[in-house]
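What follows is each chain in one-letter form.
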Protein chains: 2
Amino acid sequence: MKVYHLYSGGKDSSLAAWILQRLGYEVELITISFGLLDSWKYAKETAERLGFNHEVVVLDREILEKAAKMCITDMHPSNAIQFIHEQALEEIASREDVERISDGTRRDDRVPFLDLRKTRSLEDRFSVQYIRPLLGLGYKTIRELTEKLFIVEIRESEKLEKSDYEVELRHLLRLKGVDPLTIFPKRHYQSRVLGWRRQDL
Amino acid sequence: MKVYHLYSGGKDSSLAAWILQRLGYEVELITISFGLLDSWKYAKETAERLGFNHEVVVLDREILEKAAKMCITDMHPSNAIQFIHEQALEEIASREDVERISDGTRRDDRVPFLDLRKTRSLEDRFSVQYIRPLLGLGYKTIRELTEKLFIVEIRESEKLEKSDYEVELRHLLRLKGVDPLTIFPKRHYQSRVLGWRRQDL
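Rules behind the numbers
- Residues numbered from 1 in each chain as written.
- Chains lettered and ligands numbered in written order.
- Predicted model: local features only at pLDDT ≥ 70, side-chain atom pairs only at ≥ 80, totals over all residues.
- Heavy atoms only, no water.
- Helix = DSSP H or I, 4+ residues; strand = E, 2+ residues; numbered from the N terminus.
- Rg over C-alpha atoms; globule rule 2.2 N^0.38 Å.
- Buried < 20%, exposed > 50% of the residue type's maximum accessible area, 1.4 Å probe, protein only.
- Core = buried A, V, L, I, M, F, W, Y, C linked by side-chain atoms within 4.5 Å.
- Contact = heavy atoms within 4.5 Å.
- Buried area = accessible area lost by both parts, 1.4 Å probe.
- Salt bridge = Lys/Arg side-chain N within 4 Å of Asp/Glu carboxyl O.
- Axes fitted to C-alpha atoms, helices over the stretch in contact; angles between N-to-C directions.
- Parallel < 35°, antiparallel > 145°, perpendicular 65-115°, else oblique.
- Left-handed = near helix turned anticlockwise from the far one by under 90°.
- Nonpolar A, V, L, I, M, F, W, Y, C, P; charged D, E, K, R; others polar.
- Least-squares fit on C-alpha atoms with pLDDT ≥ 70 in both.
- Pairing = 2+ DSSP bridges.
- pLDDT = per-residue confidence, 0-100.
- Phe/Tyr/Trp six-rings, centres within 6.5 Å; stacked < 30°, edge-to-face > 60°.
- Lys NZ or Arg CZ within 6 Å of the ring centre and 35° of its normal.
- Arc of directions from axis to C-beta.

Topic: the overall build of chain A
Right, so step 1: Secondary structure assignment for chain A yields 7 helices and 7 strands.
Right, so step 2: The N-to-C order of helical and strand elements in chain A reads β-α-β-α-β-α-α-β-α-β-α-β-α-β.
Right, so step 3: Its C-alpha atoms give chain A a radius of gyration of 16 Å, near enough to 17 Å, the size a compact globule of 201 residues would have.
Right, so step 4: Buried residues in chain A amount to 54% of all 201 residues.

A closer look at the nonpolar core
Right, so step 1: Among the nonpolar cores identified, the biggest contains 50 residues, and A:Leu15 and B:Leu15 are the most heavily contacted of them.
Right, so step 2: Excluding anything up to four places from it in sequence, A:Leu15 contacts A:Leu134, A:Ile142, A:Leu145, A:Thr146, A:Leu149 and A:Phe150.

Considering the interface of chain B and chain A
For an interface, size is often stated in terms of accessible area lost upon the parts coming together.
Right, so step 1: In this assembly, 30 residues from chain B lie in contact with 30 residues from chain A.
Right, so step 2: Roughly 2600 Å² is buried in total at the junction of chain B and chain A, and carbon and sulfur atoms are behind 49% of that figure.
Right, so step 3: The largest share of the area that chain B buries against chain A comes from B:Arg22, B:Leu23 and B:Arg107, three residues that together contribute 23% of it.
Right, so step 4: Scanning the region where chain B abuts chain A turns up 6 salt bridges.

Structural notes on the packing of helix H3 (residues 61-74) of chain B against helix H4 (residues 78-93) of chain B
All names here are of chain B.
Right, so step 1: Here H3 crosses H4 at 160°, and the two axes come no closer than 8 Å. Taken together, the axis directions place H3 and H4 in an arrangement best described as roughly antiparallel. For the pair H3 and H4, the sense of crossing is right-handed. Contacts between H3 and H4 involve Ile63, Leu64, Lys66, Ala67, Met70, Cys71 and Asp74 from the former and Asn79, Ala80, Phe83, Ile84 and Gln87 from the latter.
Right, so step 2: Classifying every residue of the contact of H3 with H4 gives 8 nonpolar, 2 polar and 2 charged.

Brief notes about the relation of the copies chain B and chain A
Right, so step 1: Rotating chain B by 180° and translating it 0.0 Å along the rotation axis places it on chain A, where the RMSD comes to 0.0 Å. Look at the turn and shift together and you get a two-fold axis relating the two.

Observations concerning the sheet that holds strand S5 (residues 129-131) of chain B
Residue and element names in this part refer to chain B.
Right, so step 1: Sheet architecture is open: 5 strands sit in the order S3-S2-S1-S4-S5, paired in parallel fashion. Edge positions in the open sheet fall to strand S3 (53-58) and S5, since each of these has one partner strand only. Between one strand axis and the next, the sheet turns through 30° on average, direction left out of account.
Right, so step 2: By the bridge criterion, 6 bridges tie strand S2 (residues 26-33) to S3 in an arrangement that is parallel. Its bridge partner lying in S3, Thr31 is registered against Val56.
Right, so step 3: Its contacts with the sheet put helix H1 (residues 11-22) on strand S1 (2-6), S2, strand S4 (100-102) and S5, and the angle it makes with S1 is roughly 170°.

Here's the deal with unusual backbone geometry
Glycine aside, negative phi is the norm for most residues, and most peptide bonds take the trans geometry.
All names here are of chain A.
Right, so step 1: The omega angle of the peptide bond from Val111 to Pro112 is -10°, so this bond is cis rather than trans.
Right, so step 2: Turning to its location among the elements, Pro112 is positioned in the loop between strand S4 (100-102) and helix H5 (116-126).
Right, so step 3: Unusually for a residue other than glycine, Met75 sits at a positive phi of about 55°.
Right, so step 4: Within the fold, Met75 resides in the loop between helix H3 (61-74) and helix H4 (78-93).

Section: helix H6 (residues 139-149) of chain A
Right, so step 1: All of the buried residues along H6(A) are A:Thr141, A:Ile142, A:Glu144, A:Leu145, A:Thr146 and A:Leu149.
Right, so step 2: Taken together, the buried residues of H6(A) touch helix H1 (11-22), strand S6 (150-156) and strand S7 (189-196) of chain A together with S4 and S5 of chain B.

Section: the sheet that holds strand S3 (residues 53-58) of chain A
All names here are of chain A.
Right, so step 1: Ordered in space as S3-S2-S1-S4-S5, the 5 strands form an open sheet in which the pairing is parallel. Every interior strand has two partners, whereas the edge strands, S3 and strand S5 (129-131), have only one. Strand-to-strand, the axes of this sheet are offset by a mean angle of 30°, without reference to chain direction.
Right, so step 2: Strands strand S1 (2-6), strand S2 (26-33), S4 and S5 of the sheet are contacted by H1, whose axis makes an angle of about 170° with S1.

A closer look at the confidence of the model for chain A
Right, so step 1: On average, chain A scores 94 in pLDDT, and the residues at 70 or more come to 98%.
Right, so step 2: Here the predicted complex scores 0.96 on pTM and 0.95 on ipTM.

Focus on the packing of aromatic side chains
Each pair of aromatic rings is reported with the distance of its centres and the angle of its planes.
Right, so step 1: A full pass over the atoms with the stated rule returns 2 aromatic pairs over all chains.
Right, so step 2: Judged by centre distance (5.3 Å) and plane angle (25°), the rings of A:Phe150 and A:Trp196 are stacked. Linking A:Phe150 in strand S6 with A:Trp196 in strand S7, this pair joins segments that are 46 residues apart in sequence.
Right, so step 3: The lysine or arginine in question, A:Arg132, covers the ring of A:Phe113, its NZ or CZ lying 5.6 Å from the ring centre.
Right, so step 4: Of note, B:Arg170 hangs over the ring of B:Phe184, and the distance from its end group to the ring centre comes to 4.5 Å.

A look at helix H2 (residues 40-50) of chain A
All names here are of chain A.
Right, so step 1: Buried within H2 we find Tyr42, Ala43, Thr46, Ala47 and Leu50. An end-on view of H2 places all buried positions within 135° of arc, on one side of the element.
Right, so step 2: Buried residues in H2 make contact with H1, S2, S3, S6 and S7.

Structural notes on the pattern of salt bridges
Right, so step 1: For the coordinates displayed, the defined rule picks out 34 salt bridges over all chains.
Right, so step 2: The closest approach of N and O atoms between A:Glu26 and A:Lys2, which form a salt bridge, is 3.9 Å. With A:Glu26 in strand S2 and A:Lys2 in strand S1, this pair connects stretches of sequence that are 24 residues apart.
Right, so step 3: We classify A:Glu26 as partly exposed; its relative accessible area is 45%.
Right, so step 4: Taking relative accessible area as the criterion, A:Lys2 reaches 28% and is therefore assigned partly exposed.
Right, so step 5: When salt bridges that share partners are traced, they join A:Arg107, A:Asp108, B:Arg120 and B:Glu123 into one network.

Listed below in structure tokens is the structure:
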């Protein structure tokens, strides 16, 4: 049972990958890049430390361009992040050999998040299983599990070496002369997984 | 990490119990009874075959009375089943030693199902984690996993030895002179877990 799991190197997508592995899935981690920066390398490094297979999938730069325009129109990144995530899921789901896709989206997330209609549409259009191991878990449960499983680095948001969509999106906005701080809400601290604290609970 | 898991002996709640166990939780299965029938014994039997701890929790008969009245008013069991499930969750959550509760509700379920607002309210009011291992899984994923894990008996609905809320609810309706077939939708076949096919995937 092979599953292709969208992976940023953060706590949520790492926890989801661990759950899939515990359930017996053969987990292939996928990090999305638009080829603008090499920020995917942080996810690759974390994936290697955790012992997972890892692959970088480069999406069409047009998707990032469209997302940047959405940011500028909305003066907020929500719709853009949602758009990129849906494009990423569809790209993986559309591959011929892919039967199962997965991500680390949570019950309490606003974006990216697929509602029931979009979830079923994705599964039906591409004949895939879309598995979200964290959907039934609240923030307390996720915190308890990640604290036990992972060594985590917490840093100020701007300084953290990350591999999520935001990094390249911010970069493209800067190239267009737009200050990302006018678009993205301020978050003082973010986290990145550095390795296992333990692999079994 | 002990979790109290609402358990009927069916495929869904058995799969959810297996997932919790694989994640390292100490799983205590709980079957609800209103003391009207001994239908809880089927869940106990399945729990024992699967090797889980099992406990029967008797809820106030008033809850079943109220649920029966809802069935008669609505001429449909949805609100009644939802009401019983919420009462069961609250009963377990209100125990002093309980930090984590769980059930086998699915992404595609209509009832019983707690939306985000009710979920958070339950967690906040009782200071518990409410964990739903199947919430992020679609029917294909659940079918694939249960077929690999469990030996399942499929029978006509009326003949199956089950331990869900419906059994005592139907019985109470009959005692009140109401034919349950006028209330419950016809389902030709239902399933019950008989044992492990394998415990690891």
